[in-house]
Structures are given as structure tokens and as C-alpha cells.
Amino acid sequence: MTDSIRQRLDDLAVSETGFVFDPYSGATFSLNATALCLLRGLKDGLDRDGLIARLEESFDVTGADLSRDIDEFLELLHYNGVLPREGAG
């Protein structure tokens, strides 16, 4: 994870209920329990395997769909400007 992505994650304000404020864009949004779990994992510095393990532990789920779910969540964060793409200036 690049320093710019880590900084963006650190700067996101996240409530216990999943309400998120992005101080860079001023955007606010709400996350469901799964997305909140993933965002907290990202803020904790977890890699893909760590995120999968956290989802499995938190929601009693397993399977290949978890990796796809993580990819879709990351794509939403990129698409909505919450996170820069790695390697982007």
C-alpha cells in the first residue's frame, strides 16, 4: 500500500455505524456492515489475505466470492475518488 493511500485511509472519519466523511472531497456516505468491516481492515493495514480472514471471522463466510467482493469494494472506493489508484500521482 502506497503512502498516499495509507494517508487517505487514515484521514477518513468513520463512525461506529458506518457513516464515513472524506475530508479531501467533503463527501459523506454510509457503509453496510460488510463494507465497514473491509474499510476498517484497510485502515488497519490488512492485505487481501487479512481482509478475507477478517470477513470469514466476522461474518462466518468462506469461499472465492470473498476475493471478488473485496475487488468490487476497492473498485467502488477508486471510482468514487475515496482512494487514488496505486501508482497514480
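First, a word on scope: everything that follows refers to the structure included in this document. (Residues numbered from 1 in each chain as written. Predicted model: local features only at pLDDT ≥ 70, side-chain atom pairs only at ≥ 80, totals over all residues. Heavy atoms only, no water.)

**Some points on the pattern of salt bridges**
Side chains carrying opposite charge are able to pair once their charged atoms draw close together. Counted under the stated rule, the structure contains seven salt bridges. Here Arg54 makes a salt bridge to Asp44, at a shortest N to O gap of 2.9 Å. Residue Arg54 is found in helix H3 (residues 48–59), and its partner Asp44 is found in the loop between helix H2 (33–43) and H3; the two are separated by ten residues along the sequence. Look at Arg54 and you get partly exposed, because its relative accessible area is 26%. (Salt bridge = Lys/Arg side-chain N within 4 Å of Asp/Glu carboxyl O. Helix = DSSP H or I, 4+ residues; strand = E, 2+ residues; numbered from the N terminus. Buried < 20%, exposed > 50% of the residue type's maximum accessible area, 1.4 Å probe, protein only.)

**Concerning the side chain of Asp22**
Relative to the elements of secondary structure, Asp22 occurs in the loop between strand S2 (19–21) and strand S3 (28–30). Within the structure, Asp22 has its side chain in polar contact with the side chain of Arg8 (distance 3.1 Å). When residues no more than four places from it in sequence are discounted, the contact partners of Asp22 are Arg8, Leu12, Ala27, Gly81 and Val82. (Polar contact = N/O pair within 3.5 Å; in protein donor to acceptor, adjacent residues only side chain to side chain. Contact = heavy atoms within 4.5 Å.)

**Looking at the packing of H3 against helix H4 (residues 65–79)**
The description of two helices packed together rests on the angle between their axes and the distance between the axes. Following both chains from N to C, one finds H3 and H4 inclined at 115°, their axes separated by 10 Å at the closest point. Taken as axis vectors, H3 and H4 run roughly perpendicular relative to one another. Considering only the axes of H3 and H4, their crossing is right-handed. Residues Arg48, Leu51, Ile52, Leu55 and Glu56 of H3 pack against Leu66, Ser67, Ile70 and Asp71 of H4. (Axes fitted to C-alpha atoms, helices over the stretch in contact; angles between N-to-C directions. Parallel < 35°, antiparallel > 145°, perpendicular 65-115°, else oblique. Left-handed = near helix turned anticlockwise from the far one by under 90°.)

**Regarding the side chain of Arg8**
For Arg8, the position within the fold is in helix H1 (residues 3–11). Judged by its relative accessible area of 15%, Arg8 falls in the buried class. A distance of 3.1 Å separates a polar side-chain atom of Arg8 from the backbone oxygen of Val82. Setting aside chain neighbours within four positions, we find Arg8 in contact with Asp22, Tyr24, Gly81, Val82, Leu83 and Pro84.

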